[in-house]
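Coordinates in review
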Amino acid sequence: MVFDQFGYIFGPYLLHMKVLRQYPCLSLNTLGLRVDANFFVRVASIEELPGIRKFIRDRQVRYLILGGGSNVLFTGDYDGLILKVELRGIDEVVNYGPHVLIRVSAGEDWDGFVDHCVKRGWGGLENLSMIPGSVGAAPVQNIGAYGVEMKDCLECLEAYDMDQNRMITFSARECRFGYRDSIFKSTYGQRMLICSVTFRLRKEPMINISYGTIRQELERMQVKEPGIADVRKAVCTIRSSRLPDPLLLGNAGSFFKNPEVEEGVYNSLKSRFPAITAYPTERGTFKLAAGWLIEHCGWRGKRLGRAGVFDKQALVLVNYGGASASELLELAEKIKNDVKERFGVYLETEVNII
Ligand code: FAD
Ligand code: EPU
């Protein structure tokens, strides 16, 4: 492998970094797209960041911050530098009273961290079990599942400002979390590299089994008084039965967001399609189940070349092997058009198109 090794002075130290060239990205994205990146570097410590920033500035290259690559679609070879975040460590910051504050480095595996918490009896994240990817990416789209969003437990996070070369602490409020959204996605783009996230978890957990399928699964498991380990187990069982394993079938989870519509729009849809699935939100609007809309356009289980719609969950587009980005995007476009035509609803992409 061709690489540039370069050193730079950091305080009293001379640090060395290896920037690899023409790096194959197949193992860096769960959609399984075969693309290369011009430059690639692993970020293993915060001290390396000013040097990487200098490399980017000196060479005038664009860059992409990457965790597990489970929410990206590369449209072609990446003409720039990929920064693979591999910062590690889990530290208890405060363990006093009913809560524990726990700081986690961005490169930790999300589900490994959830498991770590559940095993210690710290509650709050168990409904977010088995979501692929890294801790550092979790705030970017405020990951959510089964009635919980990551924002519900986030205390603060630390990010490196790639423009200003400084660390910044963001409180939960400053992150401006929304449904699959945050300030990092909506405003900053690639400017903030999230280095660590601090969560506030409960030592006497409050169980959230408001999401119907969890209750059904716990009943099936014959658990009457569930603890967080039971909730984690139920969530893992549901997810394994509905979502494709990226190691076996390329995918990036939900390809689209669930669209939010005003009450009037919902009522009119409900009168035309009585079985439509939707959930009321705190804002008085309704979130439509995009999977239902896509399925009722006849797309569930359909294939278009080497790309397709997963047969157990129509919100997930899959790569049957060797699909190109354009095959996936063409399929996504057809689905969007059909949903728009039949229901008058616009589907927004959840996956980050690179
Ligand atoms: P990547 O794909 O590497 O990056 C995603 C975005 O975050 C990119 O824009 C990237 O630039 C940015 N980013 C990554 N790391 C950092 C960092 N340290 N600092 C700043 N920016 C960063 N999501 C849900 O919300 N709920 C689900 O239930 C869910 N289920 C899924 C199921 C499957 C099978 C799959 C494949 C995906 C699923 N997802 C789900 C989507 C995905 O797992 C999450 O979005 C996850 O947080 C992505 O993590 P990642 O490390 O792979 O991010
Ligand atoms: N549905 C259908 N047909 C389908 C898929 C779903 O009719 O093909 C219906 C289901 O029957 C159910 C409803 O839609 O009544 C909701 O389905 P599900 O519980 O599977 O959740 P979802 O709304 O399709 C969202 C998230 C998932 C998250 C689950 C569980 C989005 C875009 N997706 O999916 O997140 O895991 O809820 O909370 O909000 C992701 O973001 O990548 C992701 C997988």
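Above this text sits the structure in question.
Described below are features of the structure shown in this document. (Residues numbered from 1 in each chain as written. Chains lettered and ligands numbered in written order. Predicted model: local features only at pLDDT ≥ 70, side-chain atom pairs only at ≥ 80, totals over all residues. Heavy atoms only, no water.)

**A look at the site of ligand 1**
So the rule is basically this: Think of it this way: one heavy atom of a residue within 4 Å of a molecule or strand is enough to make that residue near it. A 3.5 Å cut-off defines polar contacts: any pair of N or O atoms within that distance qualifies, except that in protein one atom must be a possible hydrogen donor and the other a possible acceptor, and neighbouring residues in sequence count only when both atoms are side-chain atoms. For accessible areas, the Shrake-Rupley method is used with a probe of radius 1.4 Å. Any residue's cover is judged against the shown protein chains and nothing else. Elements are defined by DSSP. Helices are runs of H or I of four residues or more, strands are runs of E of two residues or more, and each kind is numbered from the N terminus. Charged residues are taken to be Asp, Glu, Lys and Arg, nonpolar residues to be Ala, Val, Leu, Ile, Met, Phe, Trp, Tyr, Cys and Pro, and polar residues to be all remaining types, Gly included.
Ile65, Gly68, Ser70, Ser134 and Arg239 are the nearest of the 36 residues found near ligand 1. One of the side-chain N or O atoms of Arg180 is found 3.4 Å from an oxygen atom in ligand 1. Look at ligand 1: alone it shows 970 Å² of surface, and the protein chains cover 95% of it. Looking at the shell around ligand 1, the elements with two or more residues in it are strand 4 (62–66), strand 9 (144–145), strand 13 (192–202) and strand 14 (250–254). A per-class count over the shell around ligand 1 returns 19 nonpolar, 15 polar and 2 charged.

**Looking at the sheet that holds strand 16 (residues 278–280)**
Put simply, the rule is: For two strands to pair, DSSP has to find at least two bridges joining them.
As summarised here, the arrangement of the 3 strands in space is 15-17-16, forming an open sheet in which the pairing is antiparallel. Looking at strand neighbours, the two that pair on one side only are strand 15 (260–261) and strand 16, the edges of this open sheet. As defined by bridge partners, strand 16 adjoins strand 17 (residues 286–288) across 3 bridges and the pair is classed as antiparallel. Looking at the pairing, Ala278 lines up with Leu288 of strand 17.

**A word on the side chain of Asn319**
What counts is decided by this rule: Any pair of residues with heavy atoms lying within 4.5 Å of one another is described as a contacting pair.
Examined against the element boundaries, Asn319 turns out to sit in strand 20 (residues 316–319). Side-chain polar atoms of Asn319 contact the backbone nitrogen of Ala323, separated by 3.0 Å. Excluding residues within four positions of it along the chain, Asn319 makes contact with Leu31, Gly32, Leu33, Leu249, Gly250 and Arg306.

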